[in-house]
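Coordinate analysis (summary)
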Amino acid sequence: LIFYVPFLQAGSMAEVADCQSSPFQSYVKDDFHSESIVLDNQCEKDKIQCEPQEGNVEYKYMLVNPSEERLHHLTTQLKWRVLEGSGEAIYAIGVEDDGTCKGISEQDLVSSLETLKEMSERAGCDMAMVRKQQGKEGWCAEVMVRQKPMDGHFIDMRIAVVGNVDSGKSTIVGVLTSGKLDNGRGLARSSVFRHRHELESGRTSSITQHIMGINASGDIVNYSSIHAKTSSEIVKESAKVVTFIDLAGHERYIKTTVYGMTGCVPDYTMVVVGANMGVQRMTKEHLGVALALKCPTYFVVTKVDMCPDNVLQGTVNELSKIVKAPGIRKMPLIVKSEKDVMTCAKSMASDARIAPIFLVSSVTGQSLELLRLFLNIIPAQKTKGLDVKAPAEFHIDDTFYVGGGDTEVRLC
């Protein structure tokens, strides 16, 4: 079964004004895990979208010395926001309910973060500062609040990786899960292939799943050891587990790809586009399947290190036209900064009107940190209509024979 979506001619790509910023060294406190965050300075726009009534995003202008009754109310509200985000929430400090980034003094910001930390501890969560910026009258901060893993429970987010053959899907999955850059000759993808013919041809022909663990502080568990960790070790240390479902890109395996996108029930679809290849026919086919399944989608343009500027610009323009075409009608946003990442993540958590486009290189590491931050912040999709009292259901991913003819079943 192949889905066809009409991609009509649209206007030229709208240029997205990047926030002119310079590095800002804020106060450093180990409790807030902000040492490795690159902080933005004065932003051009002092207003964001209004606070959503539902979802996992909460605006708070100031949280300075609340009473015990007020603190109890704030903690209850935090628990609800975390529940809306399937275990995680984003708090914007120094921002009014209408989205005005008014800002507060640095002393009030420190006090507000201390209060938010107390609220998080009461709710069984951990917090990590994501970004700090200058508002109209003072400082604003965006903080990730994530539920601590308890009794083996963690946030499970599944991402289907699709795109045309030779676009770099398996390579980007290998780089994200191992933390090691590719050498340009297939080193990263060799760790994710299952069959010998895949290693020989360099093309995926089956469905493979690989995980990236993130702890409550926002650090990637896979990278925190000198030796490669097993899947059980990663899951045990993680508060959020991102499962990449690496699917085939060749048209010969379209049925396998459709089966993976439907049977594995992904939360998001990552459409990978080779910068030197442009948007191919199978890329449109895979995007059509994602749209038919109403699965939120973002785009990753790979191989930007080996692509001439004019070819890269042509690929981005073509992709932007498709995203804005009738049937999709989304606003393309080239992600260039942490501000763009936060904007895209908030959109994904609500109406998903923005289509994020990352320009990355698996060899040089360009923009990979922004992609990792995006995966850290976006919430898992809420499952509607789930009957928690119903019997457990397992999907059979594959069957194969070994040794004496016994059948071994792999469960996904």
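Per chain, residues are indexed from 1 in the order of the written sequence. Side-chain atom pairs in this predicted model are given and counted only at pLDDT of 80 or more, local residue features only at pLDDT of at least 70, and totals for whole chains, interfaces and linings cover all residues. Side-chain figures throughout are based on the complete set of non-hydrogen atoms in the structure, without hydrogens or water.

All right, on to the sheet that holds strand E2 (residues 88–93) then. Strand pairing within a sheet occurs via backbone hydrogen bonds; the two strands may be parallel or antiparallel. Here, a strand pair is defined by DSSP locating no fewer than two bridges between the strands. The way it works is that DSSP assigns letters per residue, a run of H or I at least four long becomes a helix, a run of E at least two long becomes a strand, and they are numbered from the N terminus. Strand order in this open sheet of four strands is E1-E2-E4-E3, and the pairing throughout is mixed. Two strands close off the open sheet at either side, each with one partner strand: strand E1 (57–60) and strand E3 (125–134). Neighbouring strand axes in the sheet, compared pairwise and without regard to direction, differ in orientation by 20 degrees on average. Pairs of residues are marked as contacts when any of their non-hydrogen atoms sit within 4.5 Å. To obtain an axis, a line is fitted to C-alpha atoms, over the contacting stretch when the element is a helix, and the angle between two such axes runs from 0 to 180 degrees between their N-to-C directions. Its contacts with the sheet place helix H9 (residues 338–349) against E1, E2, E3 and strand E4 (139–147), and it is angled at close to 125 degrees to E3.

Aromatic rings from Phe, Tyr and Trp, taking only the six-membered ring of Trp, are treated as a pair when their centres fall within 6.5 Å; an angle between ring planes under 30 degrees marks them as stacked, one over 60 as edge-to-face, and anything in between as tilted. The final tally for this structure, using the stated rule, is three aromatic pairs. Residues Tyr298 and Phe358 carry aromatic rings whose centres are separated by 6.3 Å and whose planes lie at 80 degrees to one another, so their mutual orientation is edge-to-face. Of the two residues, Tyr298 is situated in strand E9 (residues 297–302) and Phe358 in strand E11 (residues 354–359); the sequence distance between them amounts to 60 residues. Here's how the labels work: a residue is buried when its accessible area is under 20% of the maximum for its type, exposed when over 50%, partly exposed in between, all with a 1.4 Å probe on protein chains only. Judged by its relative accessible area of 0%, Phe358 is buried. A centroid spacing of 5.0 Å and a plane angle of 70 degrees characterise the contact between Tyr298 and Phe374, whose relative ring orientation is edge-to-face. In this pair, Tyr298 sits in strand E9 while Phe374 sits in helix H10 (residues 368–377), placing the two residues 76 residues apart along the sequence. Taking relative accessible area as the criterion, Phe374 reaches 0% and is therefore assigned buried. Only when the NZ of Lys or the CZ of Arg is both within 6 Å of the ring centre and within 35 degrees of the ring normal is a charge said to sit over the ring. The ring of Trp139 has Lys132 lying over it, and the distance from NZ or CZ to the ring centre is 4.8 Å.

To describe two helices that pack against each other, one gives the angle between their axes and the distance between the axes. Remark: helix H6 (residues 254–263) packs on helix H7 (residues 281–292), axes separated minimally by 10 Å, with the N-to-C direction vectors making an angle of 30 degrees. Between H6 and H7, the interaxial angle falls into the category roughly parallel. H6 and H7 meet at a crossing whose hand is right-handed. Contacts between H6 and H7 involve Ile254, Thr257, Val258 and Met261 from the first element and Met282, His286, Val289 and Ala290 from the second. Angles are sorted into four bins: roughly parallel if under 35 degrees, roughly antiparallel if over 145, roughly perpendicular if 65 to 115, and oblique for all others. Take the far helix as your reference; a near helix turned counterclockwise from it by less than a right angle gives a left-handed crossing, and one turned clockwise gives a right-handed crossing.

Tracing the chain through its elements places Ile93 in strand E2. Residues Ile93 and Leu63 lie 30 residues apart in sequence; the distance between their C-alpha atoms is 8.2 Å. With near-sequence residues (within four places) excluded, Ile93 lies in contact with Lys60, Tyr61, Leu63, Ile104, Leu109, Ser112, Leu116, Trp139, Cys140 and Ala141.

Next up on the list: the pattern of salt bridges. Think of a salt bridge as a Lys or Arg side-chain nitrogen and an Asp or Glu carboxyl oxygen that are within 4 Å of each other. The tally for this structure, following the rule as stated, stands at 14 salt bridges. Residue Lys60 pairs with Glu58 through a salt bridge whose shortest N-O separation is 3.5 Å. When sorted by exposure, Lys60 lands in the same class as Glu58, which is buried. Here Arg131 ties to Glu142 by a salt bridge, and the two come within 2.9 Å at their closest N and O atoms.

Here the focus is empty space enclosed by the protein. Empty pockets left among the atoms are what a rolling probe the size of a water molecule brings to light. Detection works on a 1 Å grid of protein atoms alone, calling trapped sets that fit a 1.4 Å probe cavities and calling open sets with protein on both sides within 12 Å along at least five of seven lines pockets, with lining residues defined by an atom within 4 Å of a point. Grid points are joined across faces, edges and corners, and a volume is the space filled by probe spheres set on the points. The tally for this structure, following the rule as stated, stands at one cavity of 30 Å³ or more. What lines the largest cavity is Leu287, Leu291, Thr297, Phe299, Val323, Ile328, Lys330 and Ala355. Looking at the lining of the largest cavity, the elements that each hand over two or more residues are H7 and E9. Here the term charged refers only to Asp, Glu, Lys and Arg, the term nonpolar to Ala, Val, Leu, Ile, Met, Phe, Trp, Tyr, Cys and Pro, and the term polar to all other amino acids, Gly among them. Looking at the lining of the largest cavity residue by residue, the class counts come to six nonpolar, one polar and one charged.

The next subject is the pairing of E9. Of all six residues in E9, six are buried; the element is thus mostly enclosed. Residues of E9 alternate between two faces, with Thr297, Phe299 and Val301 on one and Tyr298, Val300 and Thr302 on the opposite face, all of them buried. The sheet contact formed by strand E8 (residues 268–274) and E9 spans six bridges and is parallel. Opposite Val271, over in E9, you have Phe299 as the bridge partner. As paired elements, E9 and E11 share three bridges and run parallel to each other. Residue pairing for E11: Phe299 is matched across the bridge by Ile357.

By themselves, these observations are geometric and do not establish any function.
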